[in-house]
Number of protein chains: 8
Amino acid sequence: MSLSVRQVLQRVSEGTMSVEDALLHVKEKPFEDLGFAKVDLHRRVRQGAAEVIYGAGKTPEQIVGILEAMRRNGQGPVLITRLSPEAAEAVGRSCALDYHEEPRVGIVGDLPQPDGIGRIIVATGGTSDIPVAEEAALTAEVLGSEVQRLYDVGVAGLHRTLSHLEDIMSASVLIAVAGMEGALASVLGGLAECPVIAVPTSVGYGVSFGGLAALLAMLNSCSSGVTVVNIDNGFGAGYCANRINHMGVKR
Amino acid sequence: MSLSVRQVLQRVSEGTMSVEDALLHVKEKPFEDLGFAKVDLHRRVRQGAAEVIYGAGKTPEQIVGILEAMRRNGQGPVLITRLSPEAAEAVGRSCALDYHEEPRVGIVGDLPQPDGIGRIIVATGGTSDIPVAEEAALTAEVLGSEVQRLYDVGVAGLHRTLSHLEDIMSASVLIAVAGMEGALASVLGGLAECPVIAVPTSVGYGVSFGGLAALLAMLNSCSSGVTVVNIDNGFGAGYCANRINHMGVKR
Amino acid sequence: MSLSVRQVLQRVSEGTMSVEDALLHVKEKPFEDLGFAKVDLHRRVRQGAAEVIYGAGKTPEQIVGILEAMRRNGQGPVLITRLSPEAAEAVGRSCALDYHEEPRVGIVGDLPQPDGIGRIIVATGGTSDIPVAEEAALTAEVLGSEVQRLYDVGVAGLHRTLSHLEDIMSASVLIAVAGMEGALASVLGGLAECPVIAVPTSVGYGVSFGGLAALLAMLNSCSSGVTVVNIDNGFGAGYCANRINHMGVKR
Amino acid sequence: MSLSVRQVLQRVSEGTMSVEDALLHVKEKPFEDLGFAKVDLHRRVRQGAAEVIYGAGKTPEQIVGILEAMRRNGQGPVLITRLSPEAAEAVGRSCALDYHEEPRVGIVGDLPQPDGIGRIIVATGGTSDIPVAEEAALTAEVLGSEVQRLYDVGVAGLHRTLSHLEDIMSASVLIAVAGMEGALASVLGGLAECPVIAVPTSVGYGVSFGGLAALLAMLNSCSSGVTVVNIDNGFGAGYCANRINHMGVKR
Amino acid sequence: MSLSVRQVLQRVSEGTMSVEDALLHVKEKPFEDLGFAKVDLHRRVRQGAAEVIYGAGKTPEQIVGILEAMRRNGQGPVLITRLSPEAAEAVGRSCALDYHEEPRVGIVGDLPQPDGIGRIIVATGGTSDIPVAEEAALTAEVLGSEVQRLYDVGVAGLHRTLSHLEDIMSASVLIAVAGMEGALASVLGGLAECPVIAVPTSVGYGVSFGGLAALLAMLNSCSSGVTVVNIDNGFGAGYCANRINHMGVKR
Amino acid sequence: MSLSVRQVLQRVSEGTMSVEDALLHVKEKPFEDLGFAKVDLHRRVRQGAAEVIYGAGKTPEQIVGILEAMRRNGQGPVLITRLSPEAAEAVGRSCALDYHEEPRVGIVGDLPQPDGIGRIIVATGGTSDIPVAEEAALTAEVLGSEVQRLYDVGVAGLHRTLSHLEDIMSASVLIAVAGMEGALASVLGGLAECPVIAVPTSVGYGVSFGGLAALLAMLNSCSSGVTVVNIDNGFGAGYCANRINHMGVKR
Amino acid sequence: MSLSVRQVLQRVSEGTMSVEDALLHVKEKPFEDLGFAKVDLHRRVRQGAAEVIYGAGKTPEQIVGILEAMRRNGQGPVLITRLSPEAAEAVGRSCALDYHEEPRVGIVGDLPQPDGIGRIIVATGGTSDIPVAEEAALTAEVLGSEVQRLYDVGVAGLHRTLSHLEDIMSASVLIAVAGMEGALASVLGGLAECPVIAVPTSVGYGVSFGGLAALLAMLNSCSSGVTVVNIDNGFGAGYCANRINHMGVKR
Amino acid sequence: MSLSVRQVLQRVSEGTMSVEDALLHVKEKPFEDLGFAKVDLHRRVRQGAAEVIYGAGKTPEQIVGILEAMRRNGQGPVLITRLSPEAAEAVGRSCALDYHEEPRVGIVGDLPQPDGIGRIIVATGGTSDIPVAEEAALTAEVLGSEVQRLYDVGVAGLHRTLSHLEDIMSASVLIAVAGMEGALASVLGGLAECPVIAVPTSVGYGVSFGGLAALLAMLNSCSSGVTVVNIDNGFGAGYCANRINHMGVKR
């Protein structure tokens, strides 16, 4: 059923459509069908966020196709994650792309000014966790949050963590990015008063099992305020952190 | 170093103690050492929450001992999770205990009035997930949040979920509690605009592997706003949901 | 024992061979022994399907050898799965090969006209699942079924699925192809009235564990009509779907 | 939105409701909300099957409550799986229950006469697999299929399997129930011309890992016509087998 | 070859036996063969420790039999680990047994006076880890070490750990006993200057997997001085800690 | 096809049946169908062994039924493995049963005299491995082999192993039964000149994972002559060892 | 202790050395220490086999060094397993090497004539299992056994197996090489009267988990005469099969 | 708070700072913040060791940057582990680097003279374990310990181990480096009187699972004095062994 939003609202006012059906219409429609992908053009309205393209497993042509469909529909900044340098080069030829090679993130369009609400801290256990942390930080920044980076503050040198205690205690959301034993999440969770999102990374060897050890540690955290996302999922953490950070705004 | 808070502040004003050291003092102190447990008496101030006792692996005597230490220090309502019926009976003899048998949750003291900020939805995939959901709901309620329960709305009967679409879209936090294939989190994550906390449950058999299948599904969710807690960790989800729900308050 | 089919039947009529032994003979014989492979020349008769060559782990020479043995025995269209581009090129030099690069499928001989019985829907959760879906779709088409493709209809955007509700409800078999959390199978299983075959794909990262998370979710599906094949086994799903689709024909 | 089916159809005829929305209404509605469960009263119409109650994790009171809601709405025979002897006794007090203790299956109402379409074979590798096999067989029988049982025909004594070759080759669906190494599915899959549904069982010890070894073997089957359900999921196999067996009927 | 130690030494002095063979004799001999067990009577001399009986999987009769064989040969204090209360009662009837119920440890004979060399700290993350910690502590004490207990100092309340910083920095060996996410080992390993032995415990639920999560975290510790023993292996940790603590003595 | 052996042979001599078909007949037939089990009455002839009943998952009634079917057909000694004390008592009421409680083995009929060919050594790492070792030893003895038991010779006390070096080097088959780290198999495999069958046991705790650690160690053995059976599968080891031990006889 | 064999024997005759010590000397000595490897020069005498070099993880220089040490000591044919084509080329420059590329096996020296004792059958499930099977076959041939190859006789086409029934029933040892579901071992184990050694291969995809599924199936085999070696361990199977095949010789 | 050590001590003497706070200052400070890394400049004082750079996941530029920060602060010899040949070449251009290619270890600065205290033995099961063993040995040597290497002494040839019995029994610490079944640790643990650190290596194939089998075996060791580090963690073992070896020194 292809109704415009106006039509939907009219029906509701006439009583021929329930509120729930109307909501579903708004959530459902419209999307543009490219054959290989159905581009969701209402998501910004619906979920308060720019569109995101998950670059892995898509050809540069597909990515460009999706970008153009968005542009035709007036979408704002677009975040492309897991974008290989090769694909970035191809995409860069068809539009202005700000590419961050380490976290493999591309941004089309201007970063918004932070809206001044809250501050998200992205902390890492070590130097090798930085690419995942940057994916989280850039994601939150594209979505309008202010981000503070605290890198290489792992628990083997507790003093490095504690020297930032005041920052940690005043943040609105914490993102703890760590591989190996993943203890950073528990330590930050014990210190902070805000929600903590833990991101296990695949940094490590042997029984780190590609990040599984860190994931398990984070899920078992004895600190109560910790939730967890998939291994290396910096994007998911940044996305959630921004949602939480902007909780107060909607009220 | 046993300084009173006044002493700490005085030193800060005199310049003989840094702000960070002072913060650490406030975070650190005081706790009461019962030998088998070190009861944390500042946590309410520090993290904005009543004390919680994790009942599993503690004897009734130990639980009563911790409760009394808290009472001596004027703590408010206390939540006891994973409290067996036997231990509940023993604890109930020494103080007024409101015991919920299915989720094995005990509450000492009065539930606070919801403060009117936001609404947390706790949804389950099936009937068997209810005990875990109740642990989440009661935790959030003890901490002052309003909770709406949507039980048995699993994805095999999508219409059951969709009939609550308006509620889902207006919640401040969603808790998705599901065992088996754990698909509820992805479906709710795709519909909601708020943070979604997924709780895998150990409901199922065979390759549900005691909740592992649901956990993996939730961590792999293609919906971007989903974070995850440990299997059957209703408490952790309720605790985080309340923190998120009250984000706007602090500002 | 090397009896011709005529000899077998004669013995049965004479009472010197039981029906079961005769059946076994027909099932057993003949095959052509190439040393490295024993080519089964009765399978079409026996199981109502063209021969299939599993290309992985075979050299181009072996594949060509098997093709020639089949041709000598008058086999119809042959499906070659998991055929690398290099092997495809080599095979293409010795016979007319229709090669589909993305799903790595080669077809020798003409596709049959769909026989007008039923319709198989192949649906995918995302764009990256398409190669596996194509292996399923092409397999079913080689075997004579009509196939409808519904790609990128994952549960994070439920409206994309629901916009095809009528198609889904009138299909004879559904193939649900999805990686990550694999929830598509449960959602389709709840909507459809026909058998659903779920194909987990290795699409994903971190705890998708190469498709294991999707597999577990599908095996745990709370929708009753779902059965599952191995990760990325598009061929198996297409093969089974065709068998089911043609159930009514034999009667 | 609480429309009667008549209202739905009227709206469609008036053009104020799309076909898809109408379908969704029929699929969605009605269900009776018991608080702890939302009983689906349209499923029979929708999916051509009696309602099934998954008894595990439900109290006898909940099961009786669901049964009564069904009876109020005129449902036919009801299958209750995973029903403990204790719960069976309690349920049996409130209605006439035909209880099968070994497979823990209860049936309320009369078994339908087999409709004469096709024949489902349920085969087991050993004696210990029989309870799971019976769950499959009874499920298919409740749904109207004819079932033939072939028990203890495991591959260590191949002759036991081969002595039933004619039956196997003329069945419409095969259900292969086996624990330990699960080889039965591959052997039957190689012999049969019909779809084979494999059910791994938790029979075994050591590295059978509660049925995991059999599950993996079945998913890896080199026989092309095999799909798999969860460990010990006799119900799911019987349900699917009946759907497949009745494929021809709808046409 | 049944030589007395004197005979062995004589042969060495005569040149008819090499030093290595002699060593092997001393290591090898004698043991008393009880049929179901070969009791090692030289171990004290050889490895500087009292004999230890691993009580699990032995009947009370077997334990008493081994104790008597030792007594016949003049062994000193004997440690019995994993001794059930029932077995303890039976053993207690035949000799004076000091039984510690929580860690299931029995001691026959007097505890030695600590020899004044070094100090072993046994720390736990929580209250539930205490039984395993006590097994470690009692083992080290039976072997002559001084032990300091620091219980319930988990990382969620870092101040509890830091309030013992001086003790931690002056210990000769640290034993870190923790379940759940096992982060205590990394935190202590970063603070301490001495060897740290980490003991994962089976405390936890869900993806603690009976201690596996803690074990993996400890093996992945980013603190360099940490080694690990099996889950719940308090005995092994106490045994090793004593060996290390007494390193300086031999010189 | 129900031919007597005589009929089969006659057909072969007449040329109306191939040798292979005849062999299959002898292997196939006859078995007695008890409904719940198909008792194989030719196995002794076929595989040179008495019939074995795997008692786990069978009711006492089923076991007695199978025993009687065997007796009707003149079978010799029967071995019943995994026979619970309760089932043993029930079986003992219907026939003379020699029951070994620790390994849960029952024997009906007389043990044969060892035939003087070779000697099988059954060795264990510890006392707790003895029940599994006894299952192996009794199995081999029922089948006519001579067995020597070497219990509690684990590698932590190498001298206990080495003191039996001559026996080990002159055995015809070695069975190494060990839990925990399973190193016994490698040590014996390095010393022996005969085939070594390794039996991992579920003895251990923590990361012994119910025998999995020992199994993996044994499969990874750096000693070349080692093959492995399932965890706790004493029967399988004894059965194979006897087959190997009697290799020379057939020639 | 560096005694010649003569010296050892003299001491035994003088009574200054026990038989066991003497045996240990013979087993122990001599080996040549190359620094990176200790070459065992008595193994042929001790274990009745030529020396084997495990080529993986050794440089061509190391392999050549070991070969030369053997040649200096008059060893016979040498088998080199897991020898890469690059290393083979390097080794081939320093001595006459018979290299089999598919199984990556190199042989230095002449293959012995089969000694006429018994016949080992090496069977594979499919074409892709042949390299592992060849490693087994060549190993047994180097050690003096006669080998018959039966390739591509997997259970999906049971007739291919049954057409070799007579061979199977008259073999002295069977080696069943199969990937995927590994059912070949159970089927052969049920047909054969001789010991069966099962070799899982890493052939397969998805939940074959690199051969783990086949391994588990083989360890769970319901056929009693089956033992198992590590995944892809053709060498181990061939080595054991030869030992078993030559059992009768020693007597 | 940026106090010099003198300031810290002055405050302690004045009573304005507790001993614990002072300790924390010394432990905490100073570190140099390079943005991507926080270089710890007090560690030598604090933990008695030279600084170590974990080279994996760091660019040559980052490594050089850290090296220069250390040099500015007067650090002694620096150990760089997991340093690729490419990075080694780059680092070697900016300072004098002693690079060991097999273990991928770089050393900047002079190796200290062994201080004559104790002797660490590093033993390996096979030739392929040598790189990991060298990482352990070099680490201990950089830290001032004397190291003896015993390579290729695996348990399949027990005599190779036993020929070094005297060395083994007089060592101060043993490091057992082994892959495959990891039995070396148990055998050495049974022979030695000193602490044994076991290092599983990823040497092996099939179910060695990249070192997991060896790890599990070592954690399950029946020898009491064994602790374990992560797979291939030669550095960790060498670091711990040195700490233990120097235990006596501090007293």
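Residues numbered from 1 in each chain as written. Chains lettered and ligands numbered in written order. Predicted model: local features only at pLDDT ≥ 70, side-chain atom pairs only at ≥ 80, totals over all residues. Heavy atoms only, no water.

If you look chain A up in an unreviewed UniProt entry, it shows as NCAIR mutase (PurE)-related proteins from Fretibacterium fastidiosum.

**Comments concerning the overall build of chain A**
Keep this limit in mind: Only DSSP runs of H or I reaching four residues or more are called helices, and only runs of E reaching two or more are called strands; each is numbered from the N terminus. Three labels apply to residues, based on accessible area from a 1.4 Å probe with only protein chains included: buried if under 20% of the type maximum, exposed if over 50%, partly exposed otherwise in between. In short, Shrake-Rupley with a 1.4 Å probe defines the accessible areas, and a residue's cover is counted only from the protein chains shown.
Assigned secondary structure in chain A consists of twelve helices and eleven strands. Here chain A, with 251 residues, has 66% of them falling under the buried criterion. Counting every atom, chain A has about 8,000 Å² of accessible surface; 51% of that belongs to carbon and sulfur.

**Quick notes on the packing of aromatic side chains**
Condition: Here a pair means two rings of Phe, Tyr or Trp (six-membered ring of Trp) with centres within 6.5 Å. Their orientation is stacked below 30 degrees between planes, edge-to-face above 60, and tilted elsewhere. Placement of a positive charge over a ring is assigned whenever Lys NZ or Arg CZ falls within 6 Å of the ring centre and within 35 degrees of the normal to the ring plane.
One pass over the structure, following the stated rule, counts 16 aromatic pairs over all chains. Pairing A:Phe235 with A:Tyr239 gives two aromatic rings, centres 5.7 Å apart and planes at 50°, and the pair type is tilted. Within this pair, A:Phe235 and its partner A:Tyr239 are both found in helix H11 (residues 234–245), separated by four residues, close to a single helical turn. Assessed through its relative accessible area of 13%, A:Phe235 is described here as buried. The exposure class of A:Tyr239 is buried, given its relative accessible area of 4%. When the ring centre of D:Tyr205 is taken as origin, the NZ or CZ atom of F:Arg82, which lies over that ring, is 3.8 Å away.

**Remarks on the sheet that holds strand S4 (residues 78–81) of chain G**
Residues and elements named next belong to chain G. This is how the line gets drawn: Strand pairing requires that DSSP identify at least two bridges connecting the strands. Axes here refer to lines fitted to C-alpha atoms; in helices the fit is confined to the stretch in contact. Angles between the N-to-C directions go from 0 to 180 degrees. By definition in these notes, contact holds between two residues if any of their heavy atoms fall within 4.5 Å.
With respect to topology, four strands assemble into an open sheet ordered S3-S4-S6-S5, the strand pairing being mixed. Looking along the sheet, the strands with just one partner apiece sit at the ends: strand S3 (52–54) and strand S5 (97–100). Between one strand and the next, the sheet's axes are offset by a mean angle of 15°, whatever the strand orientation. Each of S4, S5 and strand S6 (105–108) is contacted by helix H6 (residues 130–142), which is oriented at about 15° to S6, the strand it contacts most.

**Considering helix H6 (residues 130–142) of chain H**
Residue and element names in this part refer to chain H. The following threshold applies: Expected helix span is computed as 1.5 Å times (number of residues minus one).
Between its first and last C-alpha atoms H6 spans 18 Å; for 13 residues at 1.5 Å apiece the expected length is 18 Å, and the two agree. In terms of residue burial, H6 counts as a mostly covered element, since twelve of its 13 residues are buried. Residues of H6 that are buried include every one of Ile130, Val132, Ala133, Glu134, Glu135, Ala136, Ala137, Leu138, Thr139, Ala140, Glu141 and Val142, and no others. Gly144 sits one or two positions beyond H6 and adopts a positive phi of about 105°.

**Some points on the layout of surface pockets**
Empty space left among the atoms is revealed by rolling a probe the size of a water molecule over them. We count it as follows: The distinction between a cavity and a pocket rests on a 1 Å grid over the protein atoms alone: a 1.4 Å probe fits inside a cavity but cannot get out, while a pocket stays open yet meets protein on both sides within 12 Å along at least five of seven lines, and a residue with an atom within 4 Å of a point counts as lining. Grid points are joined across faces, edges and corners, and a volume is the space filled by probe spheres set on the points.
Reported here for the largest pocket is a volume of approximately 1,600 Å³. Forming the boundary of the largest pocket are 37 residues, of which B:Leu212, C:Leu212, D:Leu212, E:Leu212 and F:Leu212 lie nearest the centre.

**A closer look at the pattern of salt bridges**
The condition is simple: Think of a salt bridge as a Lys or Arg side-chain nitrogen and an Asp or Glu carboxyl oxygen that are within 4 Å of each other.
Throughout the structure, instances matching the rule amount to 38 salt bridges over all chains. Taking the shortest distance from any N to any O, the salt bridge between D:Arg160 and D:Asp152 comes out at 3.4 Å. Of the charged contacts in the structure, one is a salt bridge between G:Arg149 and G:Glu141, with a shortest N-O distance of 3.1 Å. Owing to a relative accessible area of 18%, G:Glu141 belongs among the buried residues under this scheme.

**Observations regarding the environment of G:Thr201**
Residue and element names in this part refer to chain G. Formally: Distance and chemistry together define a polar contact, namely a pair of N or O atoms within 3.5 Å, with one atom able to donate a hydrogen and the other to accept it when in protein, and with adjacent residues in sequence counting only for side-chain atoms on both sides.
Inspection of the secondary structure puts Thr201 in the loop between strand S10 (196–200) and helix H10 (212–219). The sequence separation of Thr201 and Thr227 amounts to 26 residues, and the corresponding C-alpha distance is 15 Å. In terms of polar contacts, Thr201 uses its side chain to reach the side chain of Asp129, at 2.7 Å.

**Digging into the side chain of E:Asp152**
Looking at the element boundaries, E:Asp152 is found in the loop between strand S8 (147–150) and helix H7 (158–162). A distance of 3.5 Å separates the side chain of E:Asp152 from the side chain of E:Arg160, its partner in a polar contact.

**Digging into the environment of B:Leu162**
Residues and elements named next belong to chain B. Positionally, Leu162 belongs in helix H7 (residues 158–162). Residue Leu162 is classed as buried on the basis of its relative accessible area, which comes to 5%. A sequence separation of 51 residues divides Leu162 from Leu111, and the C-alpha atoms of the two residues are 32 Å apart.

**Let's talk about helix H11 (residues 234–245) of chain D**
The end-to-end C-alpha distance of H11(D) is 16 Å, a good match for the 16 Å that twelve residues give at a rise of 1.5 Å each. Burial runs high along H11(D): twelve of the twelve residues are buried.

**Focus: the sheet that holds strand S3 (residues 52–54) of chain C**
All names here are of chain C. Pairing within the open sheet is mixed, and its four strands lie in the order S3-S4-S6-S5. Looking along the sheet, the strands with just one partner apiece sit at the ends: S3 and strand S5 (97–100). Sheet twist, expressed as the average angle between the axes of neighbouring strands with direction ignored, equals 15°. Pairing analysis gives four bridges linking S5 to strand S6 (residues 105–108), with the strands arranged antiparallel. Bridge pairing links Leu97 to Val108 in S6.

**Details of the packing of helix H4 (residues 60–72) of chain C against helix H5 (residues 85–94) of chain C**
All names here are of chain C. How we decide: Each helix crossing is assigned a hand: it is left-handed if the near helix lies turned anticlockwise from the far helix by less than a right angle, otherwise right-handed if that turn is clockwise. Asp, Glu, Lys and Arg are counted as charged, while Ala, Val, Leu, Ile, Met, Phe, Trp, Tyr, Cys and Pro are counted as nonpolar; the rest, among them Gly, fall into the polar class.
Where H4 meets H5, the closest approach of the two axes is 9 Å, and the angle between their N-to-C directions is 35°. Along this stretch, H4 crosses H5, giving a crossing that reads as right-handed. Along the contact surface, H4 presents Pro60, Ile63, Val64, Leu67 and Arg71, while H5 presents Ala87, Ala90, Val91 and Ser94. A per-class count over the contact of H4 with H5 returns seven nonpolar, one polar and one charged.

**A short note on the nonpolar core**
Which entries qualify depends on this criterion: Buried residues of nine kinds, namely Ala, Val, Leu, Ile, Met, Phe, Trp, Tyr and Cys, make up a nonpolar core once their side-chain atoms join them within 4.5 Å.
Formed by 267 residues in total, the largest nonpolar core has its most connected members in C:Leu158, E:Leu158 and G:Leu158. If sequence neighbours within four positions are ignored, G:Leu158 has contacts with D:Leu158, D:Leu162, D:Val187, D:Leu191 and G:Val187.

**Topic: the confidence of the model for chain A**
What counts here: pLDDT: the predictor's confidence for each residue, scored from 0 to 100.
Scored by pLDDT, chain A comes out at a mean of 84, with 79% of its residues at no less than 70. Below pLDDT 50 for its whole length, residues 42–48 of chain A participates in 24 contacts with residues either more than four positions away or in separate chains.

**With respect to the pairing of strand S8 (residues 147–150) of chain A**
As a general feature of sheets, a regular strand has side chains that alternate between the two faces. Residues and elements named next belong to chain A. Formally: Here the term right-handed applies to a crossover when the path leading from its first strand over the helix to its second strand runs clockwise, the strands being oriented away from the viewer.
Note that strand S7 (residues 120–124) and S8 share four bridges and pair parallel. By the bridge assignment, Ile121 is partnered in S8 with Gln148. Taking the sense of rotation as the criterion, the β-α-β connection linking S7, helix H6 (residues 130–142) and S8 turns out right-handed.

**Re the state of the cysteines**
The cut-off we apply is this: Only a pair of cysteine sulfur atoms within 2.5 Å counts as a disulfide in this structure description.
Applying the stated criterion to the full structure yields zero disulfides over all chains. Cysteine F:Cys194 remains unbridged, with the sulfur of G:Cys240 as its closest cysteine sulfur at 11 Å. Judged by its relative accessible area of 1%, F:Cys194 is buried.

**Some points on the pairing of strand S7 (residues 120–124) of chain B**
Of all five residues making up S7(B), five are buried, and the element is well covered by its neighbours. Alternating positions in S7(B) separate into two faces, B:Ile120, B:Val122 and B:Thr124 on one and B:Ile121 and B:Ala123 on the other, with burial throughout.

**Notes on the packing of helix H6 (residues 130–142) of chain B against helix H11 (residues 234–245) of chain B**
Residues and elements named next belong to chain B. Contact geometry of H6 with H11 gives a least axis separation of 7 Å together with a crossing angle of 35°. H11 is crossed by H6, and the crossing has right-handed handedness. Contacts from Val132, Glu135, Ala136, Thr139 and Ala140 of H6 reach H11 at Gly234, Phe235, Gly238, Tyr239 and Asn242.

**Focus: unusual backbone geometry**
Despite not being glycine, B:Asp232 shows a phi value in the positive range, around 65°. Assignment of secondary structure puts B:Asp232 in the loop between strand S11 (226–228) and H11. Overall, the relative accessible area of 17% leaves B:Asp232 in the buried class. The phi dihedral of D:Phe209 is positive, around 45°, even though this residue is not glycine. Along the chain, D:Phe209 falls in the loop between strand S10 (196–200) and helix H10 (212–219).

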